[in-house]
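Listed here are the chains, written in short residue letters.
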Amino acid sequence: MISHRRAASPFLYPSVAGSPSPPSPPVSAAAAEIEPPMAALTRLLPRAPLTSRVSVSFLQRCSSSSAPASHSDSQISPPPFTFSPNLTRRDPKDRNVQWVFLGCPGVGKGTYASRLCNLLGVPHIATGDLVRDELSSSGALSDQLKEIVNQGKLVSDEIVLSLLSKRLEAGEAKGESGFILDGFPRTIRQAEILEGMIDIDLVVNLKLREDVLIEKCLGRRLCSQCGKNFNMASINVKGENGNPAISMAPLLPPANCMSKLITRADDTEEVVRERLRIYSEKSQPVEDFYCSRGKLLEFDLPGGIPESWPKLLEALDLDDYEEKRSAAA
Ligand SMILES: Nc1ncnc2c1ncn2[C@@H]1O[C@H](COP(=O)(O)OP(=O)(O)O)[C@@H](O)[C@H]1O
């Protein structure tokens, strides 16, 4: 059963019909203070073909009506790196989508974000992957990160922003246009910095009940060779306390990946519970941040991929994407 709600009035992100973006509250002084070192995040990507633009013709309103426009939890010290600051914002019609996927650990951000990226022709940029790539390299930063990640804690904003900036710059050099960010921003400070630098068109917040999230994290496996994610958990939870029943079939690997499966070191029950706790403390305010800016699309996953994927496309107004793309060409 689908529990997501549709907005009463249509809203376009980005607009193929020329509709304006909603007014955004100003970013906080805290974010503005650190603008120069983060300027690489404004490296917007080269012009995209018209056909690759999409619209979201309605936006589900988030329920929080008293969401703060900015927060003051940032104790900001300048990060230990600099980037060239000669960058500008690009008009949505001159580029591909710039979307963010939010959601608790285990919700499936990576799975849905990467499917959408394949559909829309944009890179899937997951800060968790950037952190794990850094972890697998040798060096002092790797040891420092390992300890943090294996305890389920968040890496510092400076390190994540540095990794993300490098990734965006490398993408720009390759001619990438647009992106879907997965796992970023995860703190209000990250959100403020991003908002001050780059126009994010839409933020999709995937939601699933906590007992299912834990089962999904514990069932998660990664192929050490091809890097794809799978899930061995067979989920069948009854509806209770107003929550609908949820069934999800396992997402099994092909035979050639089966012997190469590994479990992430941070997918133990203790660490998953800690990550969920940190998510609700640090990342839920990020939902409010985007809600207050009219950019948040809330989506309750109704089940596994076969049930959820078509509903997500419908919620994003992408269910007949190919037709719309030809019409816009
Ligand atoms: N935006 C971020 N800010 C801080 N730490 C991050 C960020 N993204 C990823 N990380 C680090 O990488 C780890 C793995 O992230 P991710 O793969 O997104 O896992 P999940 O969504 O399952 O928690 C996180 O627990 C955290 O330590």
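Residues numbered from 1 in each chain as written. Predicted model: local features only at pLDDT ≥ 70, side-chain atom pairs only at ≥ 80, totals over all residues.

> For the overall build of the protein chain, give the residues involved together with the corresponding values.
Within the protein chain, the secondary structure is distributed over eleven helices and ten strands. Taking all 329 residues of the protein chain together, the buried fraction comes to 40%. Contacts in the protein chain between residues at least 24 apart in sequence constitute 83% of all its contacts with a sequence separation of at least 6. (Helix = DSSP H or I, 4+ residues; strand = E, 2+ residues; numbered from the N terminus. Buried ≥ 20, exposed ≤ 12 C-beta atoms within 10 Å, placed from the backbone. Contact = placed C-beta atoms within 7 Å.)

> How would you explain the sheet that holds strand E9 (residues 261-262) if you had to name every residue and give the values?
Spatial ordering of the open sheet is given by E6-E5-E9, a layout of three strands whose pairing is antiparallel. Where the open sheet ends on each side, the last strands, each with one partner, are strand E6 (229-231) and E9. Where strand E5 (residues 220-223) and E6 come together, three bridges link them in antiparallel fashion. What sits directly across from Arg220, in E6, is Asn231. (Pairing = 2+ DSSP bridges.)

> Can you break down the site of the ligand residue by residue, with the values?
Residues in close proximity to the ligand total 18 residues, the closest being Pro105, Thr127, Gly128, Gly183 and Arg186. Taken together, the elements giving at least two residues each to the shell around the ligand come down to helix H3 (127-136) and helix H4 (140-150). (Near = placed C-beta within 6 Å.)

> Quick one: what's the story with the nonpolar core, residue by residue and with numbers?
One finds Phe101, Ile180, Val203, Val204 and Leu206 to be the most contacted residues of the largest nonpolar core, which totals 59 residues. If we skip the residues at most four places from it in the chain, Val204 touches Trp99, Phe101, Leu102, Leu297 and Phe299. (Core = buried A, V, L, I, M, F, W, Y, C linked by C-beta atoms within 7 Å.)

> Describe the confidence of the model for the protein chain, listing the residues and the values that go with them.
Interpretation of the predicted coordinates at a detailed level should be avoided for regions scoring low in pLDDT. A residue-level look at the protein chain finds 72% of positions with pLDDT of 70 or above and a mean pLDDT of 77. This stretch, residues 29-58, has a pLDDT under 50; its non-local contacts, to residues over four places away or in other chains, come to 102 contacts. Note that pLDDT drops below 50 for residues 64-88; the model gives that stretch 47 contacts with residues more than four away or on any other chain. Reported confidence for the predicted complex is 0.96 by ipTM and 0.76 by pTM. (pLDDT = per-residue confidence, 0-100.)

> Describe in detail helix H6 (residues 188-197), supporting the description with residues and values.
With ten of ten residues buried, H6 is to be regarded as a mostly interior element. Taken together, the buried positions of H6 are occupied by Ile188, Arg189, Gln190, Ala191, Glu192, Ile193, Leu194, Glu195, Gly196 and Met197.

> Could you give an account of the pairing of strand E4 (residues 202-207), naming the residues involved and the relevant values?
Each regular strand displays side chains that alternate between the two surfaces of the sheet. Judged by how many residues are buried, E4 sits mostly within the fold: five of six residues are covered. Across four bridges, the pairing between strand E1 (residues 98-102) and E4 is parallel. Residue Val100 lies in a different strand from E4, and its bridge partner there is Val203. Relative to strand E10 (residues 296-300), E4 runs parallel, the two being bridged by five bridges. Looking at E10, one finds that Lys207 is bridged to Asp300.

> Would you mind going over the sheet that holds E10 in detail, with residue names and values included?
If you walk across this open sheet you meet the five strands as E2-E3-E1-E4-E10, and the pairing is parallel. Taken across any chain shown, the strands that pair with only one partner, and hence form the sheet edges, are strand E2 (124-126) and E10. For this sheet the average axis-to-axis angle between neighbouring strands, irrespective of direction, equals 20°. Along the sheet, helix H2 (residues 109-120) makes contact with E1, E2, strand E3 (179-182) and E4, crossing E3 at roughly 175°. (Axes fitted to C-alpha atoms, helices over the stretch in contact; angles between N-to-C directions.)

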